[in-house]
Structure formats: C-alpha cells, structure tokens
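Residue-level structure breakdown
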Amino acid sequence: MYDIASWALNIGALRGASYADVRIGGDRHRALSTKNGKLGSASDTESMGIGVRVIADGAWGFAASEDLSRAAVEATAARAVQIAKASARVKQHDVRLAPEKPSTAEWTTPMVIDPFTVSVEQNLAVLIEIDGELRSVRGVTLAETNMNFRREEQWFASSEGSKIHQTKYTSGVGYAAYAFAGSEIQKRSYPTSFGGQWQNKGYELIQELKLGENARRVGEEAVALLKAEQCPEGIFDVILDGSQLALQIHESVGHPIELDRVLGMEANFAGTSFLTLDKLRSLRYGSELVNIVADAREEHGPGLGTFAFDEEGVPAQSTPIITSGLFTGYLSSRETAAMIQCERSGGTLRAEGWNRLPIIRMTNVSILPGSQPLTREQLIAGTDSGVYLETNRSWSIDDKRYNFQFGTEIGWEIKRGKRTRMLKNPSYSGITTEFWNSMNAICSREEWVLWGIPHCGKGQPQQVMGTGHGAAPARFRGVKVGSAYRGNA
Amino acid sequence: MPSRDQAAELVQRIRKYSVADEVEVIIYHTRNALTRFANNVIHQNLAEENVAVSVRTAFAGRTARATTNKIDDEGLQRVVEASERLAKVQHADPDLLPMPDAREGSRSVRTIPSRHFERTAALTPELRAEMVRSIVAVAEKHRLTAAGIVSNSETAEGIFNCRGLSTWHTQTAAEISITMLGADSSGWQKAGSPDVDTLDAGALAVTAARKAVEAARPREIPPGKYTVILEPAAVLDLVGFMFYDFGGLAILDRRSFLNDRVGTQLFGKNINIWDDVAHPLQSGSPFDGEGIGRQKVHLVENGVVRRLVFARGTAARMLRSEVKDKVGPIEPTGHGFPLPNEVGEAPMNIVFGVTDKPKTVDEMVASTERGILVTRLWYIREVDPYEKIVTGMTRDGTFYVEGGTIRHGLRNFRFNESLIHMLANVEAMGIPVRASGEESFDMVVPAMQVSDFNFTEVTKF
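Since we're looking at a predicted model, the values are computed, not measured. (Residues numbered from 1 in each chain as written. Chains lettered and ligands numbered in written order. Predicted model: local features only at pLDDT ≥ 70, side-chain atom pairs only at ≥ 80, totals over all residues. Heavy atoms only, no water.)

**Things to note about the overall build of chain A**
- Looking only at helices and strands, one finds ten helices and 24 strands in chain A.
- Against the globule reference of 23 Å for 489 residues, chain A gives a C-alpha radius of gyration of 24 Å, in line with a compact fold.
- Counting only C-alpha atoms and orienting by the principal axes, one finds that chain A spans roughly 70 × 55 × 40 Å.
- Per-residue burial over chain A gives 69% buried out of 489 residues.
- Contacts in chain A between residues far apart in sequence, at least 24 positions, make up 75% of those at least 6 positions apart.
- As displayed, chain A offers around 16200 Å² of accessible surface, 50% of which is attributable to carbon and sulfur atoms.
- Charge-centre separation for chain A: the mean point of 53 positive side chains lies 4 Å from the mean point of 56 negative side chains. (Helix = DSSP H or I, 4+ residues; strand = E, 2+ residues; numbered from the N terminus. Rg over C-alpha atoms; globule rule 2.2 N^0.38 Å. Buried < 20%, exposed > 50% of the residue type's maximum accessible area, 1.4 Å probe, protein only. Contact = heavy atoms within 4.5 Å. Areas by Shrake-Rupley, 256 points an atom, 1.4 Å probe, with all protein chains shown as cover. Lys, Arg positive; Asp, Glu negative; His and termini not counted. Charge placed at Lys NZ, Arg CZ, Asp CG, Glu CD.)

**As for the overall build of chain B**
- What chain B contains, in helices and strands, is eleven helices and 19 strands.
- Relative to the compact-globule value of 23 Å for 461 residues, chain B shows a C-alpha radius of gyration of 24 Å, a close match.
- With the principal axes as the frame, chain B shows a C-alpha extent of 70 × 55 × 35 Å.
- The 461 residues of chain B split such that 64% are buried.
- Sequence separation of at least 24 residues holds for 73% of the intrachain contacts in chain B that already meet a minimum separation of 6.
- Of the roughly 16400 Å² of accessible surface on chain B, 49% is carried by carbon and sulfur atoms.
- Across chain B, the 54 positively charged side chains and the 60 negatively charged ones have centroids separated by 1 Å.

**A look at the nonpolar core**
- The biggest cluster of nonpolar side chains holds 74 residues, and the ones touching the most others in it are Val 253, Ile 367 and Trp 436 of chain A.
- Once residues lying within four places of it in the same chain are set aside, the contact partners of Ile 367 of chain A are Leu 245, Ile 249, Val 290, Asn 291, Ile 292, Trp 436, Met 439, Ile 442, Trp 448, Gly 470, Ala 471 and Ala 472 of chain A.
- One finds Tyr 226, Val 374, Leu 423 and Phe 455 of chain B within the second-largest nonpolar core, a separate group that totals 66 residues. (Core = buried A, V, L, I, M, F, W, Y, C linked by side-chain atoms within 4.5 Å.)

**Some remarks on the side chain of Thr 328 of chain A**
Residue and element names in this part refer to chain A.
- Tracing the sequence through the fold places Thr 328 in the loop between β13 (326-327) and α8 (334-339).
- At a separation of 3.0 Å, a polar atom in the side chain of Thr 328 contacts the side chain of Thr 323.
- Beyond its immediate stretch of four places on either side in the chain, Thr 328 contacts Leu 280, Arg 281, Pro 320, Ile 321, Ile 322 and Thr 323. (Polar contact = N/O pair within 3.5 Å; in protein donor to acceptor, adjacent residues only side chain to side chain.)

**Focus on the domain arrangement of chain B**
Residue and element names in this part refer to chain B.
- Taken domain by domain, chain B holds domain 1 (4-207) and domain 2 (218-461).
- For domain 1 versus domain 2, the separation of C-alpha centres amounts to 24 Å.
- Buried area between domain 1 and domain 2, summed over both chains or domains, comes out near 3000 Å², and the portion from carbon and sulfur atoms is 53%.
- When residues of domain 1 are sorted by the area they lose upon contact with domain 2, Arg 110, Arg 115 and Trp 188 head the list and together hold 23% of the total.
- Where domain 1 touches domain 2, the interface holds five salt bridges.
- Linking Asp 95 and Arg 317 is a salt bridge whose minimum nitrogen-to-oxygen distance equals 3.9 Å. (Domains from an automatic or database assignment. Buried area = accessible area lost by both parts, 1.4 Å probe. Salt bridge = Lys/Arg side-chain N within 4 Å of Asp/Glu carboxyl O.)

**Describing unusual backbone geometry**
- In this structure, the amide linkage connecting Tyr 190 of chain A to the following residue, Pro 191 of chain A, adopts the cis form with an omega of -10°.
- Within the secondary structure layout, Pro 191 of chain A lies in the loop between β7 (184-190) and β8 (197-199).
- Across the junction of Leu 339 of chain B and Pro 340 of chain B, the peptide omega takes the value -10°, indicating a cis bond.
- As for its position among the elements, Pro 340 of chain B is in the loop between α9 (312-319) and β11 (350-352).
- Here the phi dihedral of Tyr 379 of chain B falls at roughly 50°; this positive angle occurs in a residue that is not glycine.
- Its location among the elements puts Tyr 379 of chain B in strand β12 (residues 370-384).
- Overall, Tyr 379 of chain B belongs to the buried group, its relative accessible area being 9%.
- Phi at Asp 452 of chain B takes a positive value of approximately 55°, unusual for a residue other than glycine.
- Relative to the helices and strands, Asp 452 of chain B resides in strand β19 (residues 448-458).

**Re the packing of aromatic side chains**
- Per the counting criterion, the structure on display carries 31 aromatic pairs over all chains.
- Relative to Tyr 330 of chain A, the ring of Phe 327 of chain A lies with its centre 5.1 Å away and its plane at 85°, an arrangement referred to as edge-to-face.
- Accessibility expressed as a relative area gives 0% for Phe 327 of chain A, which makes it buried.
- Residue class for Tyr 330 of chain A comes out buried when judged on its relative accessible area of 7%.
- By the ring-pair criterion, three or more aromatic residues cluster together here, those being Phe 274, Tyr 285, Phe 327, Tyr 330 and Tyr 402 of chain A together with Phe 461 of chain B. (Phe/Tyr/Trp six-rings, centres within 6.5 Å; stacked < 30°, edge-to-face > 60°.)

**Here we look at the pattern of salt bridges**
- Taken as a whole and judged by the stated rule, the model has 72 salt bridges over all chains.
- Arg 150 of chain A serves as the salt-bridge partner of Asp 27 of chain A, at 3.0 Å between the closest nitrogen and oxygen. Highlighted residues: Asp 27 of chain A in strand β1 (residues 17-35) and Arg 150 of chain A in strand β5 (residues 142-158), separated in sequence by 123 residues.
- Where Glu 290 of chain B meets Arg 312 of chain B, a salt bridge forms, and the shortest distance between an N and an O atom there is 2.8 Å. Highlighted residues: Glu 290 of chain B in the loop between β8 (273-275) and β9 (297-301) and Arg 312 of chain B in helix α9, separated in sequence by 22 residues.
- Residue Glu 290 of chain B is classed as buried on the basis of its relative accessible area, which comes to 3%.
- By relative accessible area, Arg 312 of chain B is classed as buried at 7%.

**Details of the domain arrangement of chain A**
Residues and elements named next belong to chain A.
- Domain boundaries assigned for chain A yield domain 1 (2-227) and domain 2 (230-485).
- Placing the centre of domain 1 and that of domain 2 at their C-alpha centroids yields a distance of 21 Å.
- Counting from both sides, the interface comprises 55 residues of domain 1 and, opposite them, 50 residues of domain 2.
- Carbon and sulfur atoms make up 52% of the area that domain 1 and domain 2 hide from each other, which totals about 4200 Å².
- Of all residues in domain 1, Arg 23, Glu 100 and Phe 194 give up the largest surface area on contact with domain 2, accounting jointly for 15% of the area buried on that side.
- Taken together, the links from domain 1 to domain 2 amount to seven salt bridges.
- Between Arg 188 and Glu 390 there is a salt bridge whose closest N-O contact spans 2.9 Å.
- Summed over the shared surface of domain 1 and domain 2, the result is 29 residue pairs in polar contact (both at pLDDT 80 or more).
- For the side of domain 1 that touches domain 2, the residue count by class is 22 nonpolar, 17 polar and 16 charged. (Nonpolar A, V, L, I, M, F, W, Y, C, P; charged D, E, K, R; others polar.)

**Remarks on the pairing of strand β19 (residues 418-424) of chain A**
Residues and elements named next belong to chain A.
- Relative to β19, strand β9 (residues 229-230) is paired through two bridges, and the arrangement is parallel. If you follow Gln 230 over to β19, its bridge partner there is Lys 424.
- Of the strand pairs in this sheet, strand β18 (residues 403-415) and β19 are connected by four bridges, and their pairing is antiparallel. Bridge assignment links Ile 414 to a residue of β19, and that residue is Arg 419.
- Between the antiparallel neighbours β18 and β19 lie two residues, among them Arg 416 with a positive phi of about 45°. (Pairing = 2+ DSSP bridges.)

This is the structure in structure tokens:
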C-alpha cells in the first residue's frame, strides 16, 4: 500500500504541493438488527479507496477516489493540487502547520475475540433471545435490538516521511422496548439509548454487558412509565447516571473545546463556541470536582476515540481540558495549533473514512472519577431531596454551546436519601458553565464507564464519528427541571 | 459516470456468481465536490468519486444485503457471497414478498423533469472559488465575516433485479449556504437545486449580510408564547420531524404520532400536504428502494391526515392488520427504502399546498402586532413522540416585531413546541418554495405565521 501512496506523494510534489499526506483505507462493517422477533436489517459493507490532502500555493486541497490503479491515484493527487490552487484564489495567509516528527508505526486495537470470526447465526441468536424476553412483558408493543461490528484499516504516508499502519475494531450492541397506550409512547433502552454501548473492542464487549439479564427489567420499566407520574417542573438537585453524563460532556464540553469551532471554521453548520481564546486558563468552567481530559491513548481505555496516531500522523495524547474546574485546553490539529501559536497539535484530526477530509473531532473526552469511594447508591443515600435521571431520550444545545436541554427516558424522585416514585418524561436544562459549577459530587472509579457515542455529526459534507466519554454518576445542585413540557400540557 | 447499459452489464456479471433464489442489485455512482469557506477565506476544498454496488439476495423468505465499492471480479464475487452468507442463516420471514417484476415496478412510474444539468456537473474548483470570492466581497463591504459552502455533485443510480425490473436515474445537485457573522449577530441563507444556474450566490450573500447587520446589538426579551413568522427553512426543519411517522410500518410498529389519528382533524383546515416526486421544484429519483414508481400521495387534506405511504411489504401486512380500516387507502405507493430495513417507508418529496391568500414575509410582519421573525432553527430533537413536541434553538437572524415592523435583533430562544399544535395555529402562509435546511431533506414549503409558538428559555447571545 505504501507503494500506492508514493505514487500520489510523487505527483503531489511534481505538481507543486509543499505538503501532502495520503490515507488508503479499507473498511468493513456488519450491521444486524431485529424488530418484534423478525430480522430488521442484515448488511455487510466494505469500502476501500484513497484520500490525498495537499497544500499548494499556501492553501488546502483534497481529492478521493475508490480506484487504486496507478493512473487513477495519480489523477486523484493531481486533482488535489488543482483544488488547492483554486483555494489559494481566496486566501489571506499561507497555511502553516505546527511541527511534528515523522513516525513509522503499526497499531491494532487490543481485543480478545475478532468479531468477524463470530458467526452471524450466533449474533442473531443473541438478539432474537433478547427480543423475545422484551416482548414477554405484557404491554411492550415494540422490541428492537441491534449489533454492529466495524474494522477500519488505514495506511498513512506523508511527504514529511511518516508511514503509519493502523487497524481499528469497533463493536456495538443495544436494545429498546416501547410501550404505546392511550396517547403516550414510552421507551426504555439498554445499555443506553440510540444504539446501545459501543467500544473499540472485539466480541468480548457483547459478552460483558449482561444483555440478557437486563432485558425483562427494561421491558417492565417501559410499561410502568405509562402509569408513572409526570416529572414536576422546578429547581431540583439532579443526579445523572453515567451514560447521560457522558452525553452532557459530549455536548457541553467536547464540542465547545474544538479549536476549529473556536476559530470560526465551523460557523456555517456546527457553529462556533463560547470558549474564546481569552478564556483559556482563566475561565472557571466547573466546580473544583470537575476534572476532564481528552485522552486518545490506549491506557485511557477502549473508547471510540482511542488510537495510536490521528489522521495527520500525530501521536495520541492526553490533554487536560478542565483541571479542578479551570478551563485548561482545546482539541487541536497541526493547522489550528499553529494558528494560536501552540508548539504542537493535540492530535485530534480524524475522518469518517478514506473519502473524507480529516477535521478536529473529540477523542475520549472523559470526566475523571471522584477520589473518595462513592457508589451510585451511596450518592443517592446522601441526597435529601432531588431527582435521579437515567438514559438519554433527547438532546439539544445552541450553536455556541451555552444553553442546553436534555430529556431522559426515566427518572425517580429522591426523598430523604431514597429513590421513591418513578417519574416519566423528565427533562433538565441550563447554561453550560453554571451547570458544571453546580456539580458537588461524583462517584468513584468502580462506577466509571467509558461510554461510546457512535453517531456524532460534524463538518460539510457531514461526517459521522464515534467518540468516547468516561463518566460516573454525578450530582448537580439547583438545576432547572421539567421545562420541556412547559406550555405543552 | 457509468451508462445504464454499463450498469446492466455489471449486473449480469454479478448474477453469474449468485446461487440465490432471487437477486437485486443497486448501483450508485457519485462525484461530489465542495468548497468550504470561513473567516473570508477558503479553508477546505474537496472532491470525491465513488461507486457502491449493493447486492440483495433472497432464499425462501430470507434476505440480506452486502455492499462494496470494488467492482473487479473478485470484489463482485465477494459481495455476492457476503450477501448470501447473511441471508442463509436467518429464520424465514413469511411476510417477505418476492421481488417485484418489471411490470409491477413500472406500473406507477411518473415522468419527471430532467434533473441532470451539465453546467452543474461541470462546475470546477476555480468556478466555485469565484462564487466564494463574490460572497466574501459582500461580507467585506459590510465589515462582516463570511462562512459557508458552495458544492456540486453528479449521481447515477439504478435498481435491477432477476425478475426483469430495471430502473435508472441521473441527477445533479448544487448547494450554496452562507453565514454572515458580525461582532454580536449573524445572518444566514441557503439554497439548493439540481441546476446551479438557478442559484444566485450574490443575492443570498446580500440577504444574509442584511440580516447580520439588522440583528446587531441583540436585546433579550422574556420567553413565552409569541406569534412567530417562520421563514421557509425554519418551517422545513420543524415539519421534517413528522414525516417518518407517515409510513405504514410506523403505524404497525405503534411508534407513529398518527396511531389512532388518521382521518381526524389534526391540523388547521388551511394545511394541505402532498408527496410528489414529479413537482418541478422537487428532486430525486422516480422510484423507491425496490424500484417501484413513486405515486403522488395527498397526505394531508384540509388539515386531516388522509393517506399514508406504503412499501410493498408493509401494504401487504397492513391489509391483514386489525387497524386496516383506520389508515386510509392501502396500496404500495413507491416510498419504500431498500430491503431489509427497520423503517419501512417515508414520504421524501414533500410539497405543501398553496393557500387561498398567500402572504409574503413582509406582509406577515406588517400584520403582526407583537411577534418574532425566525430565519433559521438549530439542533431540533424530539421531546415527546406522540404529542410530537420538539425542542431546538433559533439561530442566525431572530428579530422582534412590533406594530407591524421589525424593531431589533433578539437573543436566541429555546422552543418546546408541539408540531400538531403548530400546524393547527397557522394564521398565514406564503407561496411554497424549495427550501434547504440542516435537519431535514429539501422540501417545497411556505413561510408561516403561527400564533402561540412556545419559547421556553433564552440563551446568552
């Protein structure tokens, strides 16, 4: 593959590129789902091709093709240079890249069982059994399950001399039960909603998640929600489960720290950020208990943002984002790091596939667990009055990432340290920094899970990316609850 | 781009490798290019060429799909084997229909206007750069910063199956999206069309710039229920959240807000909605994911949901269901997605009806005593699936209207609004136009003046 890459690099240089990098990618994706005891979908997708990124006349160009013949690869590289020269017609300064030492490396996701060695019969048997368990609960009107496996192999080569071969495996699984009656549809999901739990692991993920053991409870909760009381509106102490806190981190920390947004490069679609450059190391983002890192390294865990090198050849790093509540870091690339006079990229440039231009994406943006032992049940026991909210149902945040509103599938009232009545249709809302400054407890390591969000959209054309978020249940004081239904009763 | 004959030849090569009872092949070839600008410079600029060959095989009630972009003999053999391997291991589904034959596929295929324009396909990076330069010139004239895209694409797609069904469609698409940023305000415009010559980058830039200038120094007013004037892009992004519920399978799954509501007066009597692939402002292919021709369907008639759309298999199931008398006419309408899938079908060529007395946005403003003009909405998500409450934010041009005139820009609001309530409270509408947003596919929708729109919070800008 490096020979093919060299054809593109040579043409790039001949046509006048001052920098070029090449990614040759081969992806395979298996997707299975069931619905009410029948097959929902069964697909196997493979895709292979080359993407060439160049700087010529001080501006960027990118071209991609599925054709790996020599003629097509050279034409693709030439097209990238032509595009870069067109870009240069509307520029103010030449693109500069923060320096990076060339690397030569091989890396593969650590895993126990290659998911593609497990038979489809076995995959479907797992899903059909769960589906049956969900529908055995009287009142469940729809049961859905899904299982996904992906293998992404990539060869990266640059005009600076890097040669990096990485193979990443991803597994994902989840299910949901719906109950429809009267004028209401309620839903419960496991391990979390919108596709379940995803990690960079092999088939062992499917075996670890206690899928069967939780199915009946999930079905029963979906039905019970129909008769539960509406979540009241007001100001409450709120405890979020780890999966909801993971999405809270994603939306109200992960996106605003993307340096391309901060610098206006995403203003037309994804938006900008309230985290202007003057706020670095001066903004009190959260309470003293809030410590958040962006960590792509293998030692952080098998998150969807774990790799050895990003897609411009920068090694995986851990960047402190919020340190004891203080805002301390952005997600950056070689170009954006140079724009703010940083010595080195944070290594977060990622692409959906070989045919997409890499852009700044979250890696694993995780909150660190509390240092004192604290389980979820102890956290609830230590709360006099409030609500405990679990599993995301809806999410929305403004284009600078200040005002958010989340809904969850289920909630429980907390009275004098005990979970009491079940609450349906819970929601909470707030302003990002006020919310994080209200965090006054977080559970310890044994409750911490590295959650995967597989469908984060960003960029034009839009790219879908998986991101990781380690989180443990945490408590927030004085949060606005229930306003999603205000005026709609 | 491959021709229909070349695609058919590829299908013959694929069929040689299959031992399945039935074989269907979808071929999709695309060339995309997109020039992206921000801070008044081009910062990303790309082109892509790709092909997808997707093979569905079926063995006595069992079916699966495999897709590749490798069209050499080895790649084609591998994709057929992958599809067959997936299909063979399943339990038979008695509801799986045989693949449609040529007669069934072509029965309702409608003639559509040509949607392939050479000048769109031939747009070069240099021409896109010139369009960006003209947009940036408008920004600089108003001391603003421009961000956005200029893109073009060319696609060919066809569906072929072993029972003689054969379809083919080629299309181009162009899109311009512009955000103009001031110190404390912004404005936005977006347009898309198969024909780039119908898009006016300069005019879009001028409108976006005017909005950014007029929205400067935004003021905060309390949330609450207001009369709103929603520009077409805002209408599009809201109503896009309800059309997946117009599929028959959503009713059978009991996940649709239309369960037990088809035939009732759900919206105002001034609301009429069709799905019409042949409408001159629409785009897309005239056949669905199985190759069945897309019918024109009058979904909402004077505020009453009269019809749903059906894939072949869903229609057959619905005819046997206990709700068959409560869902309007049941027949395959040509709106199914490629099989196998969980969603079933959806109308994808939405066209709103013209009201008796259409009003321009300016006329709606002039008739509003106290209200809010909304350019665009953002990050819309469903809060309640049956009452169809959605939440989201205003963005890039939100204005306070009082005494029939625009007074000043506003800090952006969060809304939590039921789409059922919204479409029951439309006081005036404009002439439907082809609109582009970010949350939904392009539609032909009007601007709307809506009473009692529910804003629940204000953000900080």
